[in-house]
Amino acid sequence: MLRNLPSVEQLLKTETTARLIAQFGRPLTLDALRNTLDEIRARFKLNLEAELPSIDLILTQTESTLSAWTASTLFPVINATGVILHTNLGRAPMSAATIRAMDVVSRGYSNLEFDLETGKRGSRLIHAEKLLQKLTGAEAALVVNNCASAVLLTLSALANKKRVAIARSQLVEIGGGFRVPDVMKQSGAKLVEIGTTNKVRLSDYETALEESAALVMRAHRSNFKIVGFTEEPEFKDIVESAHKAGVPVVDDLGSGALYDTAKYGFTHEPTVQESMHAGADVILFSGDKLVGGPQAGIIIGKKALLDKIKKHPLARAVRADKACLAGVSATLTHYLKDEAEREIPIVRMMSLTPEQLKGRAEAWQAELGQGTVAKGESTVGGGSLPDESTPTFLLELQVKSAEKFLRALRKNNPPIIARTENNKILLDPRTVLPEQEGALLVGLKNLLKT
Ligand SMILES: *Cc1c(COP(=O)(O)O)cnc(C)c1O
């Protein structure tokens, strides 16, 4: 019976195959045809099949194989969780100007490392530097792959085989297995833990400095809080003691806000400007946390130290590409022009008032003809502002099985990511981009019908 199975040559003569070749290319289509025929033979040999499939059926199977082989594994989703910087959902959506800048520079050649004045080789390090100098007042700046690599690079360049004093309460794990003490070890720095888990005093820093610490580091406790019987000196006093001993201070801010988050009803997150003001010598922060731009690690500070960091071999290993540099610059320009709240999506999301969110939740309710609008909480996430939330309004849907409904939402095209509580589905308008609202409502309507 298998002898009656069509050959690849026969299948190649069909119109469907011609269409598949036009769509997927000849080598991949041939591969898929052979793959389909092999599968049919195997099923026959195992007696799983009594009849040969038709040519149409063979070609349908070939097409789904081709679709599966070429489908992207990375695509947009709708974030209805209310977690603004959801690390698993790609952190910060980017501003229109940022996307345009990345697009323009990706399309063709650019002066990435070319000095148009002299016609000679230039440096990619200059591109975001001027903006960062203007914005923060820092002497020098460098953009690398992400903040984790900024920490590794900075410590490798400034503290290899040297003693680095850090408060025990700051030996944190950021998430995804990024542990400050491990990164310090990897850089060759010798960790000097000072203070206790809950208390560190200025005298602890002074003792470490007398015992020849070569660098003082602060790591922001981005994703947890220490409360109760605690003590920590003012950062500016730590910096003053370190400077008296001629020792520089590195401040790993992590999220690194350029604005006061208290303005939006969250607690105050340490800002880059405050760290500069306190006298930190090198400051590190992420491009895609509270800054709201592309994935990047931003290093700013004293020129002499930045020069050392820029020259270290690791700098080449963690350098930013042209799209990242263009995107970071465009995002930072919004701050310079005082238009961050209007242009940067995550800042806009933070600034939405409960009344505005209530209006959107009620519009969804009206459109769907069901659900209740109720008070809830949105969070920042992304390792920023632990335990912090801000009031929002949610659309709550009563469904038979919340788990099943969430799964169906994830299978929607585009997938919808929501939360559940007490077997209800909670949808937070804060993190749903206005241009995704239509797709969200179509998806919900279809699922509620079934
Ligand atoms: C998030 C964070 C990092 C890592 O930043 P990425 O940009 O995710 O690499 C480093 N340090 C601190 C304190 C952080 O909060």
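Before any of the text, the structure's been laid out above.
Note that this is a predicted model, so its numbers are computed, not measured.

Caption draft 1: The arrangement of the environment of Glu51 in detail. Within the secondary structure layout, Glu51 lies in the loop between α3 (26–45) and α4 (55–70). When the C-alpha atoms of Glu51 and Tyr259 are compared, they prove to be 69 Å apart, with 208 residues separating the residues in sequence. When sequence neighbours within four positions are dropped, the list of residues in contact with Glu51 reads Met1 and Phe44.

Caption draft 2: Quick peek at unusual backbone geometry. Following Asn413, the chain continues to Pro414 via a peptide bond in cis, the omega torsion being 0°. Looking at where Pro414 falls in the secondary structure, it is placed in the loop between α18 (402–411) and β15 (416–417). For Arg91, which is not a glycine, the phi torsion comes out positive at approximately 55°. Phi is positive for Asn422, which is not a glycine, with a value near 50°.

Caption draft 3: A look at the environment of Glu129. By the element assignment, Glu129 lies in helix α6 (residues 129–136). Setting aside residues up to four positions removed in sequence, Glu129 forms contacts with Ala140, Ala141 and Lys310. Within the structure, Glu129 has its side chain in polar contact with the backbone nitrogen of Ala141 (distance 2.9 Å). Among the polar contacts listed, one links the side chain of Glu129 to the side chain of Lys310, at a separation of 2.8 Å.

Caption draft 4: Main features of empty space enclosed by the protein. With the rule as written, the count across this model stands at 1 cavity of 30 Å³ or more. Taken as a whole, the largest cavity encloses approximately 80 Å³ of empty space. Surrounding the largest cavity, Arg124, Leu125, His127, Ala128, Glu129, Ala141, Leu142, Val143, Arg319, Ala320 and Leu325 form its lining. When residues of the lining of the largest cavity are assigned to their parent elements, the largest contribution, 3 residues, is made by strand β4 (residues 140–144). Residues of the lining of the largest cavity, tallied by class, amount to 7 nonpolar, 1 polar and 3 charged.

Caption draft 5: Inspection of the packing of helix α17 (residues 354–368) against helix α19 (residues 437–449) at higher detail. Contact geometry of α17 with α19 gives a least axis separation of 10 Å together with a crossing angle of 40°. Between α17 and α19, the angle is such that the two are oblique. In this structure, α17 meets α19 at a crossing whose hand is right-handed. Of the residues in α19, those in contact with Arg360, Trp364, Glu367 and Leu368 of α17 are Glu437, Leu440, Leu441, Leu444, Lys445 and Leu448. The residue makeup of the contact of α17 with α19, split by class, is 6 nonpolar, no polar and 4 charged.

Caption draft 6: Representation of the sheet that holds β4 in the model. Read from one edge to the other, the open sheet built from 7 strands follows the order β4-β12-β11-β10-β9-β5-β8, with strand pairing classed as mixed. Lying at the two open borders of the sheet, with one neighbouring strand each, are β4 and β8 (190–194). Strand-to-strand, the axes of this sheet are offset by a mean angle of 20°, without reference to chain direction. The sheet contact formed by strand β5 (residues 163–167) and strand β9 (residues 215–219) spans 2 bridges and is parallel. By the bridge assignment, Val164 is partnered in β9 with Leu215. Contacts between helix α7 (residues 147–159) and the sheet are confined to β4, β5, β9, β10 (249–254), β11 (282–286) and β12 (297–301), with β11 contributing the most and set at about 160° to the helix.

Caption draft 7: Region of the structure containing the nonpolar core. Counting 57 residues, the largest nonpolar core has Leu132, Val143, Val216, Tyr259, Phe285, Ile300 and Tyr335 as its most contacted members. Here this core gets 5 residues from one element, more than from any other, and that element is helix α14 (residues 322–336). A domain split of this core shows at least three residues from each of domain 2 (78–87 + 347–449) and domain 3 (138–321). Once residues within four sequence positions are removed from consideration, Val216 is found in contact with Ala165, Tyr205, Leu209, Ile238, Ala242, Val247, Pro248, Val249 and Val250.

Procedures and definitions
- Residues numbered from 1 in each chain as written.
- Predicted model: local features only at pLDDT ≥ 70, side-chain atom pairs only at ≥ 80, totals over all residues.
- Heavy atoms only, no water.
- Helix = DSSP H or I, 4+ residues; strand = E, 2+ residues; numbered from the N terminus.
- Contact = heavy atoms within 4.5 Å.
- Polar contact = N/O pair within 3.5 Å; in protein donor to acceptor, adjacent residues only side chain to side chain.
- 1 Å grid on protein atoms, 1.4 Å probe; cavity = no way out; pocket = protein on both sides within 12 Å on 5 of 7 lines; lining within 4 Å.
- Points joined across faces, edges and corners; volume = space filled by probe spheres on them.
- Nonpolar A, V, L, I, M, F, W, Y, C, P; charged D, E, K, R; others polar.
- Axes fitted to C-alpha atoms, helices over the stretch in contact; angles between N-to-C directions.
- Parallel < 35°, antiparallel > 145°, perpendicular 65-115°, else oblique.
- Left-handed = near helix turned anticlockwise from the far one by under 90°.
- Pairing = 2+ DSSP bridges.
- Core = buried A, V, L, I, M, F, W, Y, C linked by side-chain atoms within 4.5 Å.
- Buried < 20%, exposed > 50% of the residue type's maximum accessible area, 1.4 Å probe, protein only.
- Domains from an automatic or database assignment.

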